[in-house]
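# Notes for the structure review
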Amino acid sequence: MIVIPEAFVRATVAREGEAGAAWVRELPRIVAELLECWGCVPDGDVTHGGVGVVVPVHGDGRSAVLKVSFPHPGNVHEPDAFVAWGGRGAVVLYERDDGRFAMLLERAHAVDLTQVEDGDEVVAVAGRLSRRLAVPAPAGLPRMSEQTDAWERELLAESEELGHPLPRRALAAAVATLRELGRDQPDTLVHGDLHGRNILRADRESWLAVDPKGYAGDPAYDGGTLLTSRALTLLAADDLGKAADRVLEVFAEAAELDRERVRRWAQFHAVQASFWGRRQGFRTACGGPRLDDLTVLADRLAELLSRCA
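Presented here is an overview of the structure given in this document. Computed from a predicted structure; not experimentally measured.

What follows is about the packing of aromatic side chains. With the rule as written, the count across this model stands at 7 aromatic pairs. Residues Phe-82 and Trp-85 carry aromatic rings whose centres are separated by 6.2 Å and whose planes lie at 70° to one another, so their mutual orientation is edge-to-face. Taken together, the residues Phe-82 and Trp-85, both in helix α3 (residues 78–85) and 3 residues apart, mark about one turn of the helix. Its relative accessible area of 2% is what places Phe-82 among the buried residues. Ring centres 5.6 Å apart and planes at 70° place the aromatic pair Tyr-221 and Trp-265 in the edge-to-face group. In this pair, Tyr-221 sits in helix α7 (residues 221–229) while Trp-265 sits in helix α10 (residues 259–280), placing the two residues 44 residues apart along the sequence. Both residues of the pair, Tyr-221 and Trp-265, count as buried. Each residue in the set Trp-151, Tyr-221, Trp-265 and Phe-268 is aromatic and connected to the rest through ring pairs, giving one cluster. Here Arg-62 stacks its cationic end above the ring of Tyr-94, 3.9 Å away from the centre of that ring.

See below:
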């Protein structure tokens, strides 16, 4: 039986309650059954992300990883994205068990893009991958165009509940993006969570994407995800506006996307991050001065990027 990392157990139970605790108790048995089914043996220490465990394995003459995620609607279409890409810019999917939210995947290295020191290179690599991942979306994926009305309602409700923490212009710009760009989007496969930790060093290609959400929509959306994921770097910048503009410029050029669309989606992401930080904190900071710094950063980005409109 594998040993589940204690940090993953605590985080899952804290987030999911008794359902998470029950799933964690069953997880070693689930992994053991999948290993037997797919003819694999463990080949290293168990690691984890936010919602799943990753077990390095070996079998059928190849190295792979077994990923098992907590059953959640947000994880349903991850294997569909891998199938559509077929190894183009992302790890290859070898096997899937949708009922148990499990996949057997090509193994990449335990080195992610955040470990590259050159900030422009980090953004350019992400942009080039975004371009390669922008393939026609298969049927059945959630269309982001169908989520925009709900996103608008959420933004307006959260602003009200939080006492309108952002300038009116910033919130209005995010709502305008949803109305003007969100409801008419291309039918393109979008990673949905493209940032440095989800891009791993590999052998078959220099870098491969992992952990997609599997949306259909505007590839420029991922530029906003990437910008907000650069928060710790942006915090250290002498000129936040100039630093943010550089990220958007490099990403848009590498991804061959319209920079204005990237900026508008990035501003929407910043507004979301501002509200999210106030309600739940961030993965890198759940409280204290660091959370305050990141929330202020999101506020400033939401306002700075709205001024470009």
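As a further point, take empty space enclosed by the protein. For the structure shown, the criterion picks out 1 cavity of 30 Å³ or more. In this model, the largest cavity occupies a volume close to 40 Å³.

With that out of the way, let us pick up the pattern of salt bridges. Within this structure, the stated rule accounts for 28 salt bridges. Linking Glu-26 and Arg-29 is a salt bridge whose minimum nitrogen-to-oxygen distance equals 2.6 Å. Note that Glu-26 and Arg-29 are positioned in helix α2 (residues 18–37) at a spacing of 3 residues, about one turn of the helix. Between Arg-132 and Glu-205 there is a salt bridge whose closest N-O contact spans 2.6 Å. Placement of Arg-132 in helix α4 (residues 119–133) and of Glu-205 in the loop between β8 (199–201) and β9 (207–209) is noted, with a sequence separation of 73 residues between them. In the salt-bridge network here, residues are joined through shared partners; they are Glu-26, Arg-29, Glu-33, Asp-97 and Arg-100.

To continue, consider the pairing of strand β6 (residues 102–106). Buried residues dominate β6, accounting for 5 of its 5 residues. Sheet topology note: the strand β4 (residues 62–69)/β6 ladder contains 5 bridges and is antiparallel. Bridging from a neighbouring strand, Leu-66 pairs with Leu-104 of β6. Two strands pair when backbone bridges link them, and strand β5 (residues 93–97) and β6 are joined in this way by 4 bridges, in the antiparallel orientation. Bridge assignment links Glu-95 to a residue of β6, and that residue is Leu-104. Hairpin remark: β5 followed by β6, antiparallel, with 4 residues in the connecting loop; positive phi at Phe-101, about 50°.

Along strand β3 (residues 52–59), 6 of the 8 residues are buried, which leaves the element largely enclosed by surrounding structure. Pairing between strand β1 (residues 41–42) and β3: 2 bridges, direction antiparallel. Bridging across to β3, Pro-42 finds its partner in Val-57. Of the strand pairs in this sheet, strand β2 (residues 47–48) and β3 are connected by 2 bridges, and their pairing is antiparallel. Residue pairing for β3: His-48 is matched across the bridge by Val-53. Where β2 hands over to β3, the hairpin turn is made up of 3 residues, counted between the paired strands. Sheet topology places β3 next to β4; 8 bridges connect them, and they run antiparallel. Within the sheet, the bridge partner assigned to Val-57 lies in β4 and is Ala-64. If you look at the hairpin formed by β3 and β4, you'll find 2 residues sitting between the two strands, and Asp-60 has a positive phi there, around 55°.

Criteria and cut-off values
- Residues numbered from 1 in each chain as written.
- Predicted model: local features only at pLDDT ≥ 70, side-chain atom pairs only at ≥ 80, totals over all residues.
- Heavy atoms only, no water.
- Phe/Tyr/Trp six-rings, centres within 6.5 Å; stacked < 30°, edge-to-face > 60°.
- Helix = DSSP H or I, 4+ residues; strand = E, 2+ residues; numbered from the N terminus.
- Buried < 20%, exposed > 50% of the residue type's maximum accessible area, 1.4 Å probe, protein only.
- Lys NZ or Arg CZ within 6 Å of the ring centre and 35° of its normal.
- 1 Å grid on protein atoms, 1.4 Å probe; cavity = no way out; pocket = protein on both sides within 12 Å on 5 of 7 lines; lining within 4 Å.
- Points joined across faces, edges and corners; volume = space filled by probe spheres on them.
- Salt bridge = Lys/Arg side-chain N within 4 Å of Asp/Glu carboxyl O.
- Pairing = 2+ DSSP bridges.

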